[in-house]
Amino acid sequence: MTLNDRTPMPYGKYKGTKMANVPASYLLWLYDNKKANIYIQEYIEDNWDVSQDEIKNNRHSNND
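Here goes a summary of the coordinates provided. This structure is a prediction, so every number in the text was calculated from the model and none was measured.

**Section: the packing of helix α1 (residues 24–32) against helix α2 (residues 38–46)**
- Following both chains from N to C, one finds α1 and α2 inclined at 125°, their axes separated by 10 Å at the closest point. Judged by the inter-axis angle, α1 sits oblique to α2. Once α1 is placed against α2, the crossing between them reads as left-handed. Only Ile40, Gln41, Tyr43, Ile44 and Glu45 of α2 make contact with α1, whose side of the interface consists of Leu27, Leu28 and Tyr31.
- Considered class by class, the residues forming the contact of α1 with α2 number six nonpolar, one polar and one charged.

Structural data, given as structure tokens:
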């Protein structure tokens, strides 16, 4: 099973939300805390740059 941007999040706070719409901070929290299954880990790794950009942009928005 491979997750893509249109695949629903399989569990957790954002269950049912398209992967592309799950906040990067949440995905990275799952990853860092060993809560992500192998499919979510792969999705995060495949989209690492996008996630980092989203987090960086959110930090800048919150500091304005």
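**Description of unusual backbone geometry**
- Unlike most non-glycine residues, Lys34 shows phi in positive territory, near 55°.
- Tracing the backbone through its elements, the reader meets Lys34 in the loop between α1 and α2.
- According to the relative accessible area criterion, Lys34 is exposed, its value standing at 72%.

Criteria and thresholds
Residues numbered from 1 in each chain as written. Predicted model: local features only at pLDDT ≥ 70, side-chain atom pairs only at ≥ 80, totals over all residues. Heavy atoms only, no water. Axes fitted to C-alpha atoms, helices over the stretch in contact; angles between N-to-C directions. Helix = DSSP H or I, 4+ residues; strand = E, 2+ residues; numbered from the N terminus. Parallel < 35°, antiparallel > 145°, perpendicular 65-115°, else oblique. Left-handed = near helix turned anticlockwise from the far one by under 90°. Contact = heavy atoms within 4.5 Å. Nonpolar A, V, L, I, M, F, W, Y, C, P; charged D, E, K, R; others polar. Buried < 20%, exposed > 50% of the residue type's maximum accessible area, 1.4 Å probe, protein only.

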